[in-house]
Amino acid sequence: KLTPGGALKIIRELQEISQNDLAKLTDISQSNISALENGSSQMGRTTALKLAQALHVHPAVILFPDYDIQEAA
């Protein structure tokens, strides 16, 4: 099961952005980004919006990475 933190890490790495660079883009500390990615911190709506904007993705891609429309129907 892919978590929001796992999705964040994958998206960030695919875009070749370091945690430090993402921290500068979002005003979220590198240590908080690390905690989000490794699951030791929960991601809230405001944080997800900042991260999504910086990574140019829809917030749902980060918040609901394992959403399956087939299962939801």
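Whatever comes next refers back to the structure up there.
Residues numbered from 1 in each chain as written. Predicted model: local features only at pLDDT ≥ 70, side-chain atom pairs only at ≥ 80, totals over all residues. Heavy atoms only, no water.

Draft legend 1. Here's a closer look at unusual backbone geometry. One non-glycine residue, glutamate 16, lies in the positive phi region at around 55 degrees. Tracing the sequence through the fold places glutamate 16 in the loop between helix 1 (4-14) and helix 2 (19-26). A positive phi angle, close to 60 degrees, is found at aspartate 27, a residue other than glycine. With respect to the element layout, aspartate 27 can be found in the loop between helix 2 and helix 3 (30-38). Overall, the relative accessible area of 72% leaves aspartate 27 in the exposed class. (Helix = DSSP H or I, 4+ residues; strand = E, 2+ residues; numbered from the N terminus. Buried < 20%, exposed > 50% of the residue type's maximum accessible area, 1.4 Å probe, protein only.)

Draft legend 2. Up close: a nonpolar patch on the surface. Where nonpolar side chains cluster on the molecular surface, the patch consists of Leu2, Ile10 and Leu14 and spans about 290 Å² of accessible area. With a relative accessible area of 35%, leucine 2 lands in the partly exposed category. (Patch = residues over 30% accessible without salt bridge, like charges linked within 9 Å, V, L, I, M, F, W, Y side chains within 5 Å. Areas by Shrake-Rupley, 256 points an atom, 1.4 Å probe, with all protein chains shown as cover. Salt bridge = Lys/Arg side-chain N within 4 Å of Asp/Glu carboxyl O.)

Draft legend 3. Spotlight on helix 2. Residues of helix 2 that are buried include every one of Gln19, Leu22, Ala23 and Thr26, and no others. With its buried residues spanning 105 degrees around the axis, helix 2 presents them on a single face. Opposite the packed face of helix 2, turned more than 90 degrees from it, sit the exposed residues Lys24 and Leu25. Those residues of helix 2 that are buried are in contact with helix 1, helix 3 and helix 4 (45-55). After helix 2 finishes, the residue aspartate 27 shows a positive phi value of roughly 60 degrees. (Arc of directions from axis to C-beta. Contact = heavy atoms within 4.5 Å.)

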